[in-house]
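# What the coordinates show
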Amino acid sequence: MREEMRDRGRQDGLSPKQGEGGGEMAFGNGDGQKSGQKGIVPILLIAVGVLFFLVMLVLPLVEVIYRSLKDGLESYMNAVTAENTIAALKVTLIAAVIALAVNTFFGLCASWLLTKFEFPGKHVLSVLIDIPFSISPVIAGLAYIMTFGRMGWATPIVEQINEWLGTDISLVFSIPGVVLATIFVTFPFVSRELIPVMQAQGSKEEEAAVMLGARGLTIFRKVTFPHIKWALLYGIILCAARAFGEFGAVYAVSKARGKTFTLPLEIDALYMAGSADSITQAFAVSSLLVALAIIILILKQIVEYCGKDNR
Amino acid sequence: MYVEMKGINKNFGSYEAAKDISFRVDQGHLAALLGPSGSGKTTILRMIAGLEQQDSGDVIVDGNVVNHIPAKERGIGFVFQNYALFRHMTVFENIAFGLRVQKKGKKEIRDRVMELVELVGLEGMHKRYPHQLSGGQRQRVAFARALAPKPQLLLLDEPFAAIDAKVRKELRVWLKEMIAQVGITSLFVTHDQEEAVAVADEIMIINEGRLEQMGKPVEIYKKPKTSFVAQFIGTSAVLDDFDGFKGFEEVPKGRKAIVRPEFVEAFKNDNEKVRSLIPAAEKGVITDISFRGSTLELTLEVNGISLTTNRSLERRHVEIGEEMCVLIYRAYILEEDDTTVYKNQMLKGVDVEAL
């Protein structure tokens with residue numbers, strides 16, 4: 001066994017001194033033995049992992065940056081500041097911010113309800129919340145069209161409301177439609193992050209606060225929130241990442257380039273145009289999304305790091 | 001302030017947690033709700049607190065029916081099992097919580113918190129977090145936190161369950177003294193009879209949602225009202241067929257009985273001092289001897305039934321297989337839902353206490 005290990009040590013390019021001179025001693029110490037025995041498996045796994053990561057993630061992303069800058073910084077800036085791009089960025093940000101606000105609020109309510117109360121139908125509700133995870137986003141978008149589109153059953157209701165309010169809000173092929181679709185696909189993120197944390201926490205501390213005379217809102221602010229704040233922030237970040245990148249659901253309800261297109265749709269449109277210029281532009285706009293993604297990734301790391309100490 | 005429950009019923013689905021529970025704990029008394037786990041004792045405590053709503057019946061605090069007063073307005077102190085301290089708050093903030101909720105002044109809060117910190121013996125620890133404290137210290141914080149808003153009634157759910165056996169006895173004494181010092185009416189839940197006997201003025205025995213018996217610890221021990229209580233309190237094994245023992249001829253045949261170790265005396269056949277008692281005694285053979293720290297526990301076979309008794313180490317040496325005289329003073333005879341104490345008729349007129 002030991003001989004074998006020593007040989008392997010040499011093959012793996014360990015220093016000859018360790019292999020020969022050290023003999024028993026060199027491999028006798030605990031650490032050396034451990035890594036010696038398990039040596040090949042972790043190295044293989046790491047190699048596979050790194051390779052996969054490089055091929056599937058890093059190279060394509062580098063490619064995006066490279067392609068976007070291929071025609072020089074000027075054409076990159078032109079692409080990024082093009083009217084359609086700015087409009088798409090605006091729509092993306094509007095949809096993401098509203099989706100975040102709405103989902104944070106409803107996510108909190110849902111997790112509060114599911115973890116602190118007992119009621120009939122609790123499990124059904126818990127499953128319903130996950131629907132956006134299991135349904136293809138395109139179907140979600142189409143469902144909105146079926147409901148709120150020209151032929152949809154809810155359209156007369158929306159028109160009625162518009163009449164009363166004197167507004168002209170349309171829920172499909174418009175920014176509200178994009179917002180709705182984004183909310184739909186990002187709905188479970190916050191509650192799914194919160195539920196395990198709140199479940200683990202139980203409701204003992206809340207009950208203690210009740211017995212000390214605290215009201216609901218005080219209990220939430222002073223007892224519940226400090227425990228869930230990092231999980232909540234983490235959920236919000238995941239939610240944001242998904243909101244920025246959503247394609248399918250938004251694609252179904254958004255058809256007007258420069259008006260209701262989000263960044264992913266704009267990129268798709270540029271790419272599909274097919275000319276060499278527009279493809280470069282598509283990559284340039286993509287780099288915006290990559291930048292957003294990297295920012296989110298860094299935030300996520302910070303939150304995870306902070307959350308560890310506080311959970 | 002006294003607390004009273006009147007005809008309380010509570011079901012969780014098909015599980016009956018409380019069946020027609022009625023009792024009263026007087027001002028300044030310390031009472032224990034004692035019962036096996038799942039007997040419904042914690043539910044009773046939670047109904048008094050308002051954390052659980054009874055299906056029927058009244059909870060009365062100081063003469064007022066509080067059924068519809070929410071928990072946060074009942075002004076009852078509650079010490080939770082495992083304490084449920086606010087983990088992200090210091091000891092000071094934990095104790096101050098109830099006062100901050102009442103919007104008390106800064107100085108008033110500080111004074112009251114420091115007073116309590118001193119009362120529970122945690123001087124200099126008020127800046128620590130719960131995870132930096134030992135189990136016993138956490139219990140003290142939980143106690144101080146519950147007392148901070150000056151409640152008139154204190155409820156404690158298994159207050160010693162999370163503490164290791166060694167410190168537990170110490171804390172029992174401490175808690176009992178503390179409650180006496182504060183003079184607050186208190187009610188605590190436990191599954192440990194030794195704990196209930198050591199701490200409480202009064203014990204309520206709960207079984208399957210029913211109040212089996214309430215009374216002073218000694219009363220319950222001496223006069224168990226139901227077969228459950230007779231079995232639950234003290235060390236006791238149930239004998240299936242208690243029949244044919246000298247002095248117990250009146251006992252109906254085929255009854256189950258409980259004969260506690262302290263109801264049984266065994267002495268050697270040549271014991272001069274008790275010669276007059278020999279006619280009242282049965283013959284028995286020692287089948288087992290085990291050392292119980294300060295006494296020996298003898299198991300004897302008498303009339304085909306195993307009885308146990310404790311024997312002082314100061315007495316003469318005995319061996320397994322030795323024949324002894326076995327005297328039974330008393331036995332609890334269990335009936336359907338009742339217990340009767342039968343005394344050895346042959347000992348009538350004998351001063352047993354003098355033995």
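Residues numbered from 1 in each chain as written. Chains lettered and ligands numbered in written order. Predicted model: local features only at pLDDT ≥ 70, side-chain atom pairs only at ≥ 80, totals over all residues. Heavy atoms only, no water.

### A closer look at the overall build of chain A
Keep this limit in mind: Every helix listed is a DSSP run of H or I at least four residues long, and every strand listed is a run of E at least two residues long, numbered separately from the N terminus. Here the term buried applies to any residue with accessible area under 20% of the maximum for its type, exposed to any over 50%, and partly exposed to those in between, with areas from a 1.4 Å probe on protein chains only. For the accessible areas, the method is Shrake-Rupley and the probe is 1.4 Å, while residue cover comes only from the protein chains on display.
Counting secondary structure elements, chain A contains 17 helices and zero strands. Across the 311 residues that make up chain A, the buried fraction comes to 40%. Surface accessibility of chain A: about 17,800 Å² in total, with carbon and sulfur atoms responsible for 68%.

### Some points on unusual backbone geometry
All names here are of chain B. With a phi angle near 75 degrees, Tyr-83 is a residue other than glycine that sits in the positive phi range. Positive phi outside glycine occurs at Glu-158, with the angle close to 40 degrees. Following the sequence through the fold, Glu-158 ends up in the loop between strand E7 (153-157) and helix H5 (165-182). Here Glu-158 falls in the buried class, since its relative accessible area comes to 8%.

### Side note on helix H14 (residues 216-245) of chain A
Selection criterion: Multiplying 1.5 Å by the helix residue count minus one yields the expected span of that helix. Working definition for bend: take the seven residues up to and ending at a residue and the seven starting at it, fit an axis to each, and measure the angle between the axes.
Helix length check: H14(A) (30 residues) gives 37 Å between terminal C-alpha atoms against 44 Å at 1.5 Å per residue, more than 12% under. The largest bend in H14(A) amounts to roughly 65 degrees and is located at A:Phe225, with the proline A:Pro226 lying one to four residues further along.

### Structural notes on the sheet that holds strand E11 (residues 238-239) of chain B
Residues and elements named next belong to chain B. Spelled out, the test is: DSSP bridges decide pairing: two strands pair if at least two such bridges lie between them.
One open sheet accounts for four strands, arranged E11-E12-E18-E19; its pairing is antiparallel. The open sheet terminates on both sides in strands that have one partner only, identified here as E11 and strand E19 (339-343). Sheet topology places strand E12 (residues 256-258) next to strand E18 (residues 330-334); three bridges connect them, and they run antiparallel. Note that in E18 the partner of Lys-256 across the bridge is Leu-334.

### Observations concerning the confidence of the model for chain B
Put simply, the rule reads: The predictor attaches a confidence to each residue, and that confidence, scored 0 to 100, is pLDDT.
Confidence along chain B averages 87 in pLDDT terms, with 97% of residues attaining 70 or more. Confidence scores differ between elements of chain B, with E11(B) showing the lowest mean pLDDT of 78 and helix H2 (residues 91-101) of chain B the highest of 95.

### Quick look at the pattern of salt bridges
All names here are of chain B. Using the following cut-off: Salt bridge, as applied in this entry: a Lys or Arg side-chain nitrogen positioned within 4 Å of an Asp or Glu carboxyl oxygen.
Under the counting rule described, the total for this entry stands at 21 salt bridges over all chains. A salt bridge links Lys-19 to Glu-16; its shortest N-O distance comes to 3.9 Å. One salt bridge in this structure joins Asp-270 and Arg-316, with 3.4 Å as the shortest N-O distance. One end of the pair, Asp-270, is in the loop between strand E13 (264-268) and strand E14 (282-291); the other, Arg-316, is in the loop between strand E16 (305-312) and strand E17 (323-328), and 46 residues separate them in sequence. Classification of Asp-270 by relative accessible area gives partly exposed; the value is 49%.

### Observations concerning the packing of helix H7 (residues 83-116) of chain A against helix H16 (residues 263-273) of chain A
Residues and elements named next belong to chain A. Cut-off, in case you're wondering: Whenever a helix is involved, its axis is fitted only over the stretch in contact; in every case the axis is a line through C-alpha atoms, and angles between N-to-C directions fall within 0 to 180 degrees. Any angle between 65 and 115 degrees counts as roughly perpendicular, while under 35 counts as roughly parallel, over 145 as roughly antiparallel, and the rest as oblique. Every residue pair with non-hydrogen atoms within 4.5 Å of one another is taken to be in contact. Note on residue classes: Ala, Val, Leu, Ile, Met, Phe, Trp, Tyr, Cys and Pro are nonpolar, Asp, Glu, Lys and Arg are charged, and everything else, Gly too, is polar.
H16 packs onto H7 with a crossing angle of 150 degrees between their chain directions and a minimal axis gap of 8 Å. For the element pair H7 / H16, the angle class is roughly antiparallel. In contact with Asn-84, Thr-85, Ala-88, Leu-89 and Thr-92 of H7, H16 contributes Leu-263, Pro-264 and Glu-266. Looking at side-chain class alone, the contact of H7 with H16 contains four nonpolar, three polar and one charged residues.

### Points about helix H6 (residues 72-81) of chain A
For clarity, the threshold we go by: As used here, the arc is the angular range of directions from the helix axis to the C-beta atoms.
For H6(A), the set of buried residues is A:Tyr76, A:Ala79 and A:Val80. Take H6(A) and look down its axis: the buried residues cluster within an arc of 95 degrees, on one side only.

### Considering the pairing of strand E10 (residues 210-215) of chain B
Bridge count between strand E9 (residues 202-207) of chain B and E10(B): five bridges; the pairing is antiparallel. Its bridge partner lying in E10(B), B:Ile206 is registered against B:Leu211.

### Remarks on the interface of chain A and chain B
Formally: By buried area we mean the combined loss of accessible area, with a 1.4 Å probe, across both parts when two parts are placed together. Under this definition, polar contacts are N or O atom pairs within 3.5 Å; protein pairs additionally need one hydrogen-donor-capable and one acceptor-capable atom, and for neighbouring residues in sequence, both atoms have to be side-chain atoms.
Each side of the interface is counted separately: chain A has 16 residues, and chain B has 21 residues. Taken together, the two surfaces of chain A and chain B that pack against each other cover about 1,800 Å², and 69% of this comes from carbon and sulfur. In terms of surface lost to chain B, no three residues of chain A exceed A:Glu205, A:Met211 and A:Leu212, which account for 40% of the buried area on that side. The tally of links between chain A and chain B comes to two salt bridges. Close ionic contact of B:Arg46 with A:Glu207 constitutes a salt bridge, the shortest N to O distance being 2.6 Å. Where chain A packs against chain B, one counts three residue pairs in polar contact (both at pLDDT 80 or more). Those elements giving two or more residues to the side of chain A that touches chain B turn out to be helix H13 (204-211) and H14 of chain A. The element that contributes the greatest number of residues to the side of chain A that touches chain B is H13(A), accounting for seven residues. Among the residues forming the side of chain A that touches chain B, the class breakdown is eight nonpolar, three polar and five charged.

### Description of the domain arrangement of chain B
Residues and elements named next belong to chain B. Test applied: What counts as a domain boundary in this text is fixed by an automatic or database domain assignment.
In terms of domain boundaries, chain B breaks down into domain 1 (3-232) and domain 2 (238-354). Contacts between domain 1 and domain 2 engage eight residues on the former and 12 residues on the latter. Together domain 1 and domain 2 conceal approximately 790 Å² of surface at their shared face, both sides included; 46% is due to carbon and sulfur atoms. Of all residues in domain 1, Tyr-221, Ser-227 and Ala-230 bury the most surface against domain 2, accounting for 53% of the area lost on that side. Here domain 1 is connected to domain 2 by five residue pairs in polar contact (both at pLDDT 80 or more). Taken together, the elements giving at least two residues each to the side of domain 1 that touches domain 2 come down to helix H7 (217-222) and helix H8 (227-232). Broken down by element, the residue count for the side of domain 1 that touches domain 2 peaks at three residues, all from H8. Its residues assigned to classes, the side of domain 1 that touches domain 2 comprises three nonpolar, three polar and two charged.

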